[in-house]
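What follows is the residue order along each chain.
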Amino acid sequence: MADDLNTPLLDELEKGPWPSFVKDIKSLAGKKEMAKDLLRQLEKSYEDKRGYWKHGGLVGVMGYGGGVIGRYSALPDEFPGVSHFHTLRVNQPSGWFYTTEALREITKIWDEHGSGLTNMHGSTGDLVLLGTRTEELEPTFRALTEKGWDLGGSGSDLRTPSCCVGPARCENACFDTLAINYNLTHQYQDELHRPMFNYKYKIKISGCPNDCTAAIARSDMGIIGIWKDDIQVDAKAMAEYVDSGMDIQGLVVENCPTGCIGMDGKEINIDNSNCVKCMHCINVLPKALSPGKERGAAITLGAKAPIVEGALFGSVIIPFMKIEEPFEEMHDLIERIWEFWDEHGTSRERIGEFIERVSLATFLEGIGEKPLPQMIKAPRDNPYVFYEEYFAEEGEGGK
Amino acid sequence: MSFEFNGKTYETDDDGYLVNLDDWNKDVAAYIAEQEGVEMTDAHWEVVNFLRNYYQEYSIAPAIKILIKEMKKMFGPEKGNSAYLYNLYPAGPALQACKIAGLPKPTGCV
């Protein structure tokens with residue numbers, strides 16, 4: 001064990017029943033000086049209440065503009081192990097399916113070339129390799145590509161598309177999320193590896209409105225499964241739920257956001273014209289209810305976290321699109337959006353901010369889409385719960 | 001930092017970018033390119049010359065998006081795309097071409 005660390009503040013984070021990143025990093029401290037200095041620098045950050053990472057610095061691998069995020073310690077003399085601590089994003093497989101062999105491959109490469117620390121997965125969806133030196137970037141990249149891996153996106157490019165497990169494991173998937181994710185990743189390799197956009201462009205793909213990739217809140221472009229016709233009801237399974245004594249009135253009927261469900265004995269009646277596809281009834285009664293048969297996806301645009309401008313939720317731009325090989329309709333839409341955003345957007349302007357600035361009407365005209373009732377004037381802009389005291393603190397100290 | 005070339009000392013920043021814009025000439029550009037492992041062809045000079053002209057006009061290196069767009073305007077779509085530029089400058093048109101063009105290191109989170 002690494003007894004020479006002397007990190008009393010970090011040690012606090014090892015207490016309690018939950019997983020601890022301190023424990024994780026310490027498990028590597030025995031063999032990696034990088035892991036030790038990482039802990040020591042963080043301990044100092046906790047003592048001094050400030051971060052000691054220098055942001056940015058352009059580093060990368062030959063031929064790619066993205067995939068590597070440069071990190072340098074601001075105190076390289078004190079913590080030489082983390083003087084360089086670059087992050088590599090590795091393009092994850094669709095739906096995050098790995099063989100154990102693939103995982104061993106990755107950890108072996110990373111043990112040889114980097115800190116050994118991984119983050120599976122980052123919020124971009126990528127498999128994140130944390131911490132290596134500039135001179136190790138090319139050898140790591142070579143080792144990865146030899147085994148068929150590739151880097152993901154970073155900077156002002158198409159970020160690695162990411163999708164839910166979809167039909168591989170989930171009965172609610174309204175289309176093959178894995179297939180379109182794979183297709184888009186290959187279709188747009190140039191956009192993924194060579195940043196040339198105004199700013200980042202994230203595509204997240206969820207097979208149903210449960211939205212397991214959080215596309216509605218976290219992707220510039222969300223592709224979210226949806227159906228057009230009626231929710232499918234298995235009357236026999238429904239009757240079994242009723243017979244089991246389940247409180248269907250309280251758990252389902254009264255929780256329907258539009259009140260479009262009624263019970264008639266053992267029969268469920270859904271007024272599908274008023275259904276907003278919230279998935280609640282289907283989630284609670286999975287054996288009896290399932291999405292309709294006419295399936296496709298709704299396309300949302302504009303979600304983002306509060307950097308530069310405030311946070312935004314995505315809002316609908318295409319209410320329904322069939323998602324089928326070879327996905328040409330999707331390519332066509334994506335390219336129309338990129339073209340207009342590229343031509344008229346400003347530097348560091350996300351697609352959501354761009355639409356807000358030029359107005360939805362102008363944007364629709366620019367990409368050649370017609371206004372539809374499913375579109376809204378302005379998306380919800382606050383996906384977070386903020387507490388009053390946070391506001392107070394921000395006002396006093398500033399950033 | 002600095003380097004010597006043809007008996008003259010060139011002052012650079014920590015990453016090897018020329019400090020004085022006026023120090024630049026074609027010979028020193030070719031020398032920097034050599035250090036970068038880039039063999040300068042007419043196609044390479046097109047990009048470098050464009051960058052220098054742009055910098056002289058706007059006092060800033062163009063964003064990659066603008067570089068691509070302007071290259072497209074001047075030389076057509078087969079040269080106005082990022083794959084073409086990365087082919088010429090594998091470490092990235094922003095980083096490597098600016099260095100050879102004697103411009104300051106581009107900043108920003110790319």
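About the criteria used
- Residues numbered from 1 in each chain as written.
- Chains lettered and ligands numbered in written order.
- Predicted model: local features only at pLDDT ≥ 70, side-chain atom pairs only at ≥ 80, totals over all residues.
- Helix = DSSP H or I, 4+ residues; strand = E, 2+ residues; numbered from the N terminus.
- Buried ≥ 20, exposed ≤ 12 C-beta atoms within 10 Å, placed from the backbone.
- Contact = placed C-beta atoms within 7 Å.
- Rg over C-alpha atoms; globule rule 2.2 N^0.38 Å.
- Pairing = 2+ DSSP bridges.
- Domains from an automatic or database assignment.
- Nonpolar A, V, L, I, M, F, W, Y, C, P; charged D, E, K, R; others polar.
- Axes fitted to C-alpha atoms, helices over the stretch in contact; angles between N-to-C directions.
- Parallel < 35°, antiparallel > 145°, perpendicular 65-115°, else oblique.
- Core = buried A, V, L, I, M, F, W, Y, C linked by C-beta atoms within 7 Å.
- Arc of directions from axis to C-beta.
- Expected span 1.5 Å × (residues − 1).

A. Here's a closer look at the overall build of chain A. Helix and strand counts for chain A stand at 15 helices and 15 strands. Dimensions of chain A along its principal axes, counting C-alpha atoms only, are 75 × 55 × 50 Å. A total of 399 residues make up chain A; the buried ones form 42% of that total. Sequence separation of 24 or more characterises 66% of the internal contacts of chain A that already satisfy a separation of 6 or more.

B. The arrangement of the overall build of chain B in detail. Helix and strand counts for chain B stand at five helices and two strands. The helix and strand sequence of chain B, counted from the amino end, reads β-β-α-α-α-α-α. At 13 Å, chain B has a C-alpha radius of gyration in line with the 13 Å of a compact globule built from 110 residues. Judged by the C-alpha coordinates and their principal axes, chain B covers about 40 × 25 × 25 Å. Split into buried and exposed, the 110 residues of chain B put 31% on the buried side. Sequence separation of 24 or more characterises 48% of the internal contacts of chain B that already satisfy a separation of 6 or more.

C. Looking closely at the sheet that holds strand β9 (residues 221-227) of chain A. Residues and elements named next belong to chain A. Ordered in space as β7-β8-β9-β14-β15, the five strands form an open sheet in which the pairing is mixed. Sheet topology places β7 (162-163) and β15 (315-321) at the edges, where each strand pairs with a single neighbour. Pairing of strand β14 (residues 295-301) with β15, which is carried by four bridges, proceeds in the antiparallel orientation. If you follow A297 over to β15, its bridge partner there is M321.

D. Main features of the sheet that holds strand β5 (residues 117-120) of chain A. Residue and element names in this part refer to chain A. Read across the sheet, four strands follow the order β2-β4-β6-β5 without closing on themselves; strand pairing throughout is antiparallel. A single partner strand is all that each edge strand has here, and the edge strands are β2 (68-69) and β5. Where β2 lies against strand β4 (residues 87-90), two bridges are found, and the strand directions are antiparallel. Note on β4: the bridge partner recorded for I69 is T87.

E. How the structure looks around the domain arrangement of chain A. Taken domain by domain, chain A consists of domain 1 (3-146), domain 2 (162-228 + 294-367) and domain 3 (232-290). For domain 1 of chain A versus domain 3 of chain A, the distance between C-alpha centres works out to 47 Å.

F. The interface of chain B and chain A, seen in detail. Listed as interface residues are 13 residues of chain B and, on the opposing side, 16 residues of chain A. Where the side of chain B that touches chain A is concerned, the elements lending two or more residues are α3 (64-75) and α4 (82-88) of chain B. Split by residue class, the side of chain B that touches chain A holds ten nonpolar, two polar and one charged.

G. The arrangement of the pairing of β5 of chain A in detail. Judged from the four bridges that link them, β5 of chain A and strand β6 (residues 127-130) of chain A form a sheet pairing that is antiparallel. Pairing of N119 of chain A across the sheet is with V128 of chain A, part of β6 of chain A.

H. Layout of the environment of L21 of chain B. All names here are of chain B. By the element assignment, L21 lies in the loop between β2 (8-11) and α1 (26-36). C-beta crowding within 10 Å serves as the criterion here: with 14 such atoms nearby, L21 is assigned to the partly exposed category. A sequence separation of 78 residues divides L21 from K99, and the C-alpha atoms of the two residues are 11 Å apart.

I. The arrangement of the packing of α1 of chain B against helix α5 (residues 93-100) of chain B in detail. All names here are of chain B. With their axes 8 Å apart at the nearest point, α1 and α5 run at an angle of 140° to one another. With respect to each other, α1 and α5 are oriented oblique. The residues of α5 that touch α1, namely those facing A29, I32, A33 and E36, are Q96, K99 and I100. Here the residues of the contact of α1 with α5 sort into four nonpolar, one polar and two charged.

J. Summary view of the nonpolar core. Core analysis: the largest hydrophobic core is formed by 69 residues, its most contacted members being I223 and A297 of chain A together with L51, A97, C98 and A101 of chain B. In this structure C98 of chain B touches L51, A61, L103, K105 and P106 of chain B, once residues within four positions along its chain are discounted. The next biggest cluster of nonpolar side chains, apart from the first, holds 31 residues, and it includes M34, V82, F141 and L151 of chain A.

K. How the structure looks around the pairing of β14 of chain A. Residue and element names in this part refer to chain A. Most of β14 is tucked away, with six of its seven residues classed as buried. In the sheet, β9 pairs with β14 via seven bridges, with the strands oriented antiparallel. For I224, the partnering residue across the bridge sits in β14 and is A298.

L. Summary view of α1 of chain B. Residues and elements named next belong to chain B. The set of residues buried in α1 consists of A29, I32 and A33. Each buried residue of α1 sits inside an arc of 100° when the element is viewed along its axis, so together they form one side. Residues of α1 that are exposed and point more than 90 degrees away from the buried face comprise D27, E34 and Q35. Buried-residue contacts for α1 involve α2 (42-58) and α5. Positive phi shows up at G37, right after α1, with a value of about 75°.

M. Spotlight on unusual backbone geometry. For the bond running from M120 of chain A to H121 of chain A, omega is 0°, close enough to zero to count as cis. Structurally, the position occupied by H121 of chain A is in the loop between β5 and β6. P326 of chain A follows E325 of chain A through a cis peptide bond whose omega is 0°. With respect to the helices and strands, the residue P326 of chain A is situated in the loop between β15 and α12 (328-344). The phi dihedral of R348 of chain A falls on the positive side, at around 65°, and the residue is not glycine. With respect to the helices and strands, the residue R348 of chain A is situated in the loop between α12 and α13 (351-358). Even without glycine at this site, S59 of chain B takes up a positive phi of about 55°. Along the polypeptide, S59 of chain B turns up in the loop between α2 and α3. Using a count of 8 C-beta atoms within 10 Å as the deciding quantity, one classes S59 of chain B as exposed.

N. Molecular detail of helix α4 (residues 100-113) of chain A. Residues and elements named next belong to chain A. Its 14 residues place the ends of α4 20 Å apart at the C-alpha level, agreeing with the 20 Å of an ideal helix rising 1.5 Å per residue. Regarding α4, the residues found buried are I106, I109, W110 and H113. Buried residues of α4 fall within an arc of 95° about the axis and therefore sit on the same side. Facing away from the buried side of α4 by more than 90 degrees, the exposed set consists of T100, E101, R104 and E112.

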